[in-house]
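# Structural features, examined
As a plain string of letters, each chain reads:
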Amino acid sequence: MNRKELLQKAGMAVAVSGILSTLSAEDHNHESASMPTAGKSKYAKAMMAAIHCQLSAEVCLSHCITELGKGDKAMAACAASTREVISLCDSFVKLASQSSTFTKKLANLCVEVCEACAKECDKHANHHAVCKECRDSCLACAKELKKV
């Protein structure tokens, strides 16, 4: 396994771990509690879009790091934007799952960050499939988060 594959698999593992954690939290049931699950939450679609966006950004970031290691400095801005998306999408999912009063505010910021990342990834989408996937998932996430 080369460094590129290792970084991509590590990024994928981190993202999948987060998804599995979210899903296992949904399956955990307290009959006396009335906490909404992602499936029942009014933010369910937005949370799933954010999780997918975060996963795509993790893979894209791993790719960017590999390309930067090869000397392709054009990927630096892409790497920076994916790091922001990862942080914001993760935060959105956490707040939305709690039905926080700050969910809408964070959704608006997340839309802005996702759109900026999509614009950056678009520069590389014709050459790198992971950048295209990240761009597409960022645009889908922004579209869904605008509904929040």
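This text gives an overview of the structure that appears in the document.

About the thresholds
Positions within a chain are numbered from 1, following the residues in the order the chain's sequence is written. Per-residue local features are limited, in this predicted model, to residues with pLDDT of at least 70; the limit for side-chain atom pairs, both in listing and counting, is 80 or more; totals at the level of whole chains, interfaces and linings are taken over all residues. Hydrogens and water molecules were not included; the side-chain quantities draw on all heavy atoms of the structure. Only runs of H or I of at least four residues qualify as helices and only runs of E of at least two qualify as strands under DSSP, and these elements are numbered from the N terminus. Burial status follows relative accessibility: with a 1.4 Å probe on protein chains alone, a residue under 20% of its type maximum counts as buried, one over 50% as exposed, and anything between as partly exposed. Working rule for contacts: check all heavy atoms of both residues, and any pair within 4.5 Å makes them a contact. Method for areas: the Shrake-Rupley scheme with a 1.4 Å probe, in which residue coverage is limited to the protein chains shown. Lines fitted to C-alpha atoms define the axes, with helix axes restricted to the stretch in contact, and inter-axis angles between N-to-C directions lie between 0 and 180 degrees. Take the far helix as your reference; a near helix turned counterclockwise from it by less than a right angle gives a left-handed crossing, and one turned clockwise gives a right-handed crossing. Here, the term nonpolar core denotes a set of buried Ala, Val, Leu, Ile, Met, Phe, Trp, Tyr and Cys residues that are joined through side-chain atoms within 4.5 Å. When two cysteine sulfur atoms lie within 2.5 Å, the pair is treated as a disulfide. Under the rule applied, a polar contact is a pair of N or O atoms within 3.5 Å (in protein, one hydrogen donor and one hydrogen acceptor; residues adjacent in sequence only if both atoms are side-chain atoms).

## Focus: the overall build of the chain
Within the chain, the regular secondary structure consists of 5 helices and 0 strands. Listing the helices and strands of the chain from first to last along the sequence gives α-α-α-α-α. For the chain, the residues scored as buried account for 43% of the 148 residues in total. Looking at the chain alone, contacts between residues at least 24 apart form 71% of all its contacts between residues at least 6 apart. By element, 56% of the accessible surface of the chain is carried by carbon and sulfur atoms, the whole surface being about 8,500 Å².

## Side note on the packing of helix H3 (residues 76–97) against helix H5 (residues 129–145)
Relative to each other, H3 and H5 sit at 40 degrees, their axes nearing to 12 Å. For the pair H3 and H5, the crossing hand works out as left-handed. Residues Cys78, Thr82, Val85, Cys89 and Phe92 of H3 pack against Cys131, Cys134, Cys138, Cys141 and Leu145 of H5.

## Brief notes about the nonpolar core
Core analysis: the biggest nonpolar cluster contains 37 residues, and Val85, Cys89, Phe92, Cys114, Cys138, Cys141 and Leu145 have the highest contact counts within it. If you list the elements that add at least two residues to this core, you get helix H2 (44–69), H3, helix H4 (103–122) and H5. Of the residues forming this core, the biggest block, 10 residues, is contributed by H2. Ignoring any residue separated from it by four or fewer positions in sequence, one finds Cys138 in contact with Cys53, Val85, Cys114, Cys117 and Ala118.

## Focus on unusual backbone geometry
With a phi angle near 50 degrees, Ser99 is a residue other than glycine that sits in the positive phi range. Within the secondary structure layout, Ser99 lies in the loop between H3 and H4.

## A look at the state of the cysteines
Throughout the structure, instances matching the rule amount to 0 disulfides. In this model Cys64 remains outside any disulfide bridge; the closest cysteine sulfur is found in Cys78, 3.6 Å from its own. Looking at the unpaired Cys138, the closest cysteine sulfur is the one in Cys53, lying at 3.6 Å.

## Structural notes on the side chain of Arg135
As for its placement among the helices and strands, Arg135 is situated in helix H5. Of the polar contacts made by the side chain of Arg135, one reaches the side chain of Asp136; its length is 3.0 Å. Apart from the residues lying within four places of it in its own chain, the contact partners of Arg135 are Ala118, Cys121, Asp122 and Ala125.

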